[in-house]
Every structure is written in structure tokens, then in C-alpha cells.
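# Understanding the architecture of this molecule
Chain by chain, the residues:
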Amino acid sequence: MSSTSALNILILGANGYIGGTVLTDLLKSRPASSITALVRTQAKADLLQPLKVKSVVGELEDIPLLKFLVAQSDVVLNFAVPFGGGDDSIQAIVDALEERSATSAVKPILLQTSGTGTVLYGAGGIAGTDVWSDEDYDRWNELPNEAYFHSGNKIVAAAALRGKISSYIIMSPTVYGKGTGVDNKLSLQIPAYVRYAKREGQAAYIGKGENIWGNVHVQDLSSLYLLIMNHALVSSNSTHASNTSHGWSNLIYAGTGQHSWGPVIKTLGDLLYARGDVKQPGAIEIPDDQGDMYMFGGNSFLAKSKKAEALGFVQKEKDLIESMKDALPAPVAK
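Now for a quick tour of the structure. (Residues numbered from 1 in each chain as written. Predicted model: local features only at pLDDT ≥ 70, side-chain atom pairs only at ≥ 80, totals over all residues. Heavy atoms only, no water.)

As a further point, take the layout of surface pockets. Approximately 1200 Å³ is the volume found for the largest pocket. Contributions of two or more residues to the lining of the largest pocket are made by helix H1 (17-29), strand S2 (34-39), helix H4 (87-101), strand S5 (109-115) and strand S7 (174-176). Considering every element that reaches the lining of the largest pocket, the biggest residue donor is S5, with four residues. Its residues assigned to classes, the lining of the largest pocket shows 22 nonpolar, 20 polar and six charged. (1 Å grid on protein atoms, 1.4 Å probe; cavity = no way out; pocket = protein on both sides within 12 Å on 5 of 7 lines; lining within 4 Å. Points joined across faces, edges and corners; volume = space filled by probe spheres on them. Helix = DSSP H or I, 4+ residues; strand = E, 2+ residues; numbered from the N terminus. Nonpolar A, V, L, I, M, F, W, Y, C, P; charged D, E, K, R; others polar.)

As a further point, take the pattern of salt bridges. A side chain with one charge may pair with a side chain of the opposite charge, provided their charged atoms come close. According to the stated counting rule, one finds nine salt bridges in the structure shown. Among the salt bridges present, the one from Glu-59 reaches Arg-40, with a minimum N-O distance of 1.9 Å. Of this pair, Glu-59 sits in the loop between strand S3 (54-57) and helix H3 (63-70) while Arg-40 sits in the loop between S2 and helix H2 (42-48), and the two are 19 residues apart along the sequence. Look at Glu-59 and you get partly exposed, because its relative accessible area is 34%. You can call Arg-40 partly exposed: its relative accessible area is 44%. One salt bridge connects Lys-44 with Asp-183, and the closest N-O pair in it is separated by 2.7 Å. On the criterion of sequence distance, the pair formed by Lys-44 in helix H2 and Asp-183 in the loop between S7 and helix H7 (189-200) is long-range, its members being 139 residues apart. You can call Lys-44 partly exposed: its relative accessible area is 32%. Counted as one network, the salt bridges with shared partners bring together Arg-40, Glu-59 and Glu-61. (Salt bridge = Lys/Arg side-chain N within 4 Å of Asp/Glu carboxyl O. Buried < 20%, exposed > 50% of the residue type's maximum accessible area, 1.4 Å probe, protein only.)

So, on to a nonpolar patch on the surface. A surface patch of nonpolar side chains, about 270 Å² in accessible area, is lined by Phe-83, Tyr-148 and Leu-188. Mapping Phe-83 onto the fold places it in the loop between strand S4 (75-78) and H4. When its relative accessible area of 35% is taken as the criterion, Phe-83 is described as partly exposed. (Patch = residues over 30% accessible without salt bridge, like charges linked within 9 Å, V, L, I, M, F, W, Y side chains within 5 Å. Areas by Shrake-Rupley, 256 points an atom, 1.4 Å probe, with all protein chains shown as cover.)

A word on the packing of aromatic side chains. Throughout the structure, instances matching the rule amount to nine aromatic pairs. Summarising the aromatic geometry, the rings of Trp-132 and Trp-140 are spaced 4.8 Å apart at their centres and angled 50 degrees between planes, so their arrangement reads as tilted. An aromatic cluster is built from Phe-83, Tyr-148, Phe-149 and Tyr-294, whose rings are joined through pairwise contacts. In this arrangement the basic side chain of Arg-139 is found over the ring face of Trp-132, its NZ or CZ atom lying 3.8 Å from the centre. (Phe/Tyr/Trp six-rings, centres within 6.5 Å; stacked < 30°, edge-to-face > 60°. Lys NZ or Arg CZ within 6 Å of the ring centre and 35° of its normal.)

Shown next as C-alpha cells:
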């Protein structure tokens, strides 16, 4: 099938930071396609209405509804993935797509969102030396289900191995930059550090601040989703995993850069101080147990993906520190 053909696309998490940005790009690149979004409230549906997206109000936990929507879809993009759990809904998506594959002219596609929290290790802001790769197939297979996202990832990897559908796991590190969706335009991590700084009067990072994370601009990340989807459409016979990969060859790491949190948060503190949002410039060290949610003292990164590069994935947007000002919430009027 052509990479520009009309498709029936289902988006889970269309109001979110990443999902909303990908939806914006899909509407531009595939104007002939029919896009449906499963949303939790009517208020969320109302936000999507001007985009001419068909919204269905319901819960991912409503398995019959979810399978009904998936069964009508050529492509499912799942951005509504919790850190842990959600396996029943992921299994339902896979089951419905595999059932559809028996009669569909298009080999069904699943793009499953994940994160490098799966390989989070270390503490105290100490730099890690263990470099994972999205080609470490034996290591992925040996991870315990308790690792963030991993039990759901295993369901998608198993589907890739069966080969009835083209199923992919897109593993993101820190995502930064301003989103282009109609609802949530900000990431999780940088705003968490901003909230802490405003509450405490000064920015802070965990421990030594030398711990390493990968990163990717949300707009670059969106481009990777579209590259993978287009690849799956035109290469449907070669988009299943090999037996030797345990299904993990369809896991693709999305990072384009790396950072340590200390220098990033020091820059953030200077920006907030210049705006009058905090009392002191720069940033200070705090222990692991004093940080807020999404403030991490461990390491979470992979080597750059050769699989992503082979699809033509390159960084086009500003790096994390250059984009910092764009990612800040608007100043509070005084």
C-alpha cells in the first residue's frame, strides 16, 4: 500500500502531549484518512471537534468498546500507556488487529508508545556506564515484567514475532519542546522541575546531577512515528520480527541526544530567575527522596538507534537547552 493512501486510523491519547503532536502531523500528511480518537470525557472530545476527528467517549478499560474500534482500524497509535499495567487493553488491541488481519487488504499496524524508564538504573545523580541498545535482544527478553512499560512491551513484541500485524514499540527518553496538539502542549519532566523550583524558591536536581538521560524534541519524535508507519505500509511483508530477536527487533529507540540533569536544571534556574519566578539563580543538589515525581536521580538512555537512522530519522529541531524557554509555562501575571 502507498504511504499516502487513505487509512482508518485510531488514536489512543490524542489529547496528550505526544499524541496531540502526532495527530497534528497526521492531519497534514494524510488529509484523506479517517481518524478516530478514543477519549475519556466529552470535554476532551469537544477540543478535537474543530479538527474533524471522530471522537468516541469511553475508557481503555472498556475492552468490548476498545476491540470494536480497533477492529475497524488499519492503524492504531497507542499513546495512552501507563508506566505499569494496562496489559489487558494492549492485549485487546493486538487480538483485534490480528483478527482483522485475516480479512483486511491492509496488514494492520500498531505503534505502541513506551519509554526508557524500562531501563532506568542508578541513583544519587551518579553517571551510569551501562549503555543499552535497541538491538540488545537477549537483554530485552530477560528483563522482569516489573520494569516500567515492559509487560506491555512484551505483548507487542510477541505480536511482532507472530507476524500477523506490523507491531512496533517506539521507546522515548526525555521528550522536550512545545507540543502542537489542541490540549496538552507540555512534557512531564521539565514542568516538574519548574513546579519544584517555584514552590521552593530555587531550582534543584537530584544528587550530583551527572546522571544521563537521552532526549528528543517532540516534533522530531512525531516524525519518527510517521516514518515507521509509512515503512510498515510499503514494506508489510518485511515488518515482522525474526525468531532470533524474540520479537524485539521491532523496538525502536527515539532519542537524538543526551544530557545530564545538573547542567540542564542550572540553565532552567537561570531562566526562571530572570523571569522573577525564583529567588536564586542556578540550581542546588537535593537527595533522591526529596525530589518530586518525574525528578530522577538514575540513568535512562540507549545508544542511538541504527534502525531509526535507516528509516531516515534525523534531528531537525533545537536541542534540549536551546528549547528550554519554549517549554516553560507562561509567566504568572503579577
